[in-house]
Every structure is written in C-alpha cells, then in structure tokens.
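Structural overview
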Amino acid sequence: MAAAPSLQELRELVAEFQPNRGHVLPALHKVQEKYGYVSREAIEVIARQLNTTPALIFGSVSFYADIRTHPPAETEIAWCSGPACRLLGGDRIREAMQHTLELPLGGSSEDHRYGIHLGQCNGTCSEAPQVWVNGRVIGKLTVADAILLAREIKEGSRE
Ligand code: FES
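Residues numbered from 1 in each chain as written. Predicted model: local features only at pLDDT ≥ 70, side-chain atom pairs only at ≥ 80, totals over all residues.

Bringing the pairing of strand β1 (residues 75-80) into the picture now. In terms of residue burial, β1 counts as a mostly covered element, since six of its six residues are buried. Here β1 shows a buried face lined by Thr 75, Ile 77 and Trp 79 and a second buried face lined by Glu 76, Ala 78 and Cys 80. Direction of pairing for β1 relative to strand β3 (residues 114-119): parallel, over a ladder of six bridges. Note on β3: the bridge partner recorded for Cys 80 is Gly 119. One ladder, built from three bridges, connects β1 with strand β4 (residues 131-133); its direction is antiparallel. When the sheet's bridge partners are listed, Ile 77 is paired in β4 with Val 133. (Buried ≥ 20, exposed ≤ 12 C-beta atoms within 10 Å, placed from the backbone. Helix = DSSP H or I, 4+ residues; strand = E, 2+ residues; numbered from the N terminus. Pairing = 2+ DSSP bridges.)

Spelled out as structure tokens, the structure:
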C-alpha cells in the first residue's frame, strides 16, 4: 500500500479535472487507484479542484460503494456484484464469505489483515461467480470454494 500522500501530491494528481464536467467520479477513481482509498484530505482537495464543497464530494463517495474511505486491508477481497456473477450465485458466495470472515461488506478485520468490499464487473465474466483477492481473479466459485478461500485468508494460510 502506498504511503499517505501529501496535499501537494493530491493536488497534482487531480489537476487535470475541471468543474462542471462530470469529473467527480474520475477524480475519485484516480485517487483510489493510486492510494487504495480516498482520504478526507483527498476529498477536500478534489472539492477545491472542482470548485465545490467537500460535503458534495463526500455525498458521491457514500453513493458509490466501490470507493473506499480507509486504506485497504493487507488481503482485500472484492466481491463482484455484476449481473453475470449474481446470476450464477454470487450472492451465496458473498454470504458464505462474509459469514466465514465474520465481516460486513465493506469491513476489515480488527488487525487489518483482511477485508471484503463490493466490486463492480471488470469484464472477466467468463469466470463468474468470482471475487478478486488483491486484484487477482478467483472464479467459478462454489459456496464450498468460497468458504475454503475465506478460511485460508482468515487463518493467513493463503498468500
Ligand atoms: S459480472 Fe462479475 S465479472 Fe462481470
């Protein structure tokens, strides 16, 4: 995970975005791609860049479930909420993983070793239903696979 960015780094990162051009989401994604999450400081920098208020930017952050406001866990599981994955049993995969990890969607373990959050379809639907573990696709999951995967992550026996 990247270190917390300075305000200057954040300003440079979002300098290309302009007010009133629908740039809120692209700016949020750019920050999250680089740092793994969107900090309160980043929200303020984006608001200033887009000539709006932090409250408005925060509203967007709350609306888009794939934008995180805290650093990702060491092992971050993204559960695909896209239609192909859900059609093939993605909800049962999510329930099994959350139950095994004892975490809500969007939650992390107290020691910050693992967490699970909502992800959006990334085009790898042929592997549905799937999760991404630190960005790596693990697909065609059964409920039994999902429980085993979650146990391994929880016990730290999986890289
Ligand atoms: S719906 Fe899950 S990857 Fe496309």
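Once you've had a look at it, read on.
Let's shift gears to unusual backbone geometry. Most peptide bonds are trans, and most residues other than glycine sit at a negative phi. Cis geometry is adopted by the peptide bond preceding Pro 129, which originates at Ala 128 and carries an omega value of -10°. Looking at the secondary structure, you find Pro 129 in the loop between β3 and β4. Positive phi, close to 50°, is recorded for Lys 140, a residue that is not glycine. Along the chain, the position of Lys 140 falls in the loop between β5 (136-138) and α7 (143-155).

Here five strands make up an open sheet; going across it, the order is β2-β3-β1-β4-β5 and the pairing mixed. This sheet does not close on itself; its edge strands, each paired only once, are β2 (107-108) and β5. The pairing of β4 with β5 spans three bridges and is classified as antiparallel. Among the inter-strand pairings, Val 133 is bridged to a residue of β5, identified as Arg 136. Packed onto the sheet, helix α6 (residues 90-101) meets β1, β3 and β4 and runs at close to 150° relative to β1. (Contact = placed C-beta atoms within 7 Å. Axes fitted to C-alpha atoms, helices over the stretch in contact; angles between N-to-C directions.)

When its domains are assigned, the chain resolves into domain 1 (7-63) and domain 2 (75-155). Distance from the C-alpha centre of domain 1 to the C-alpha centre of domain 2: 27 Å. (Domains from an automatic or database assignment.)

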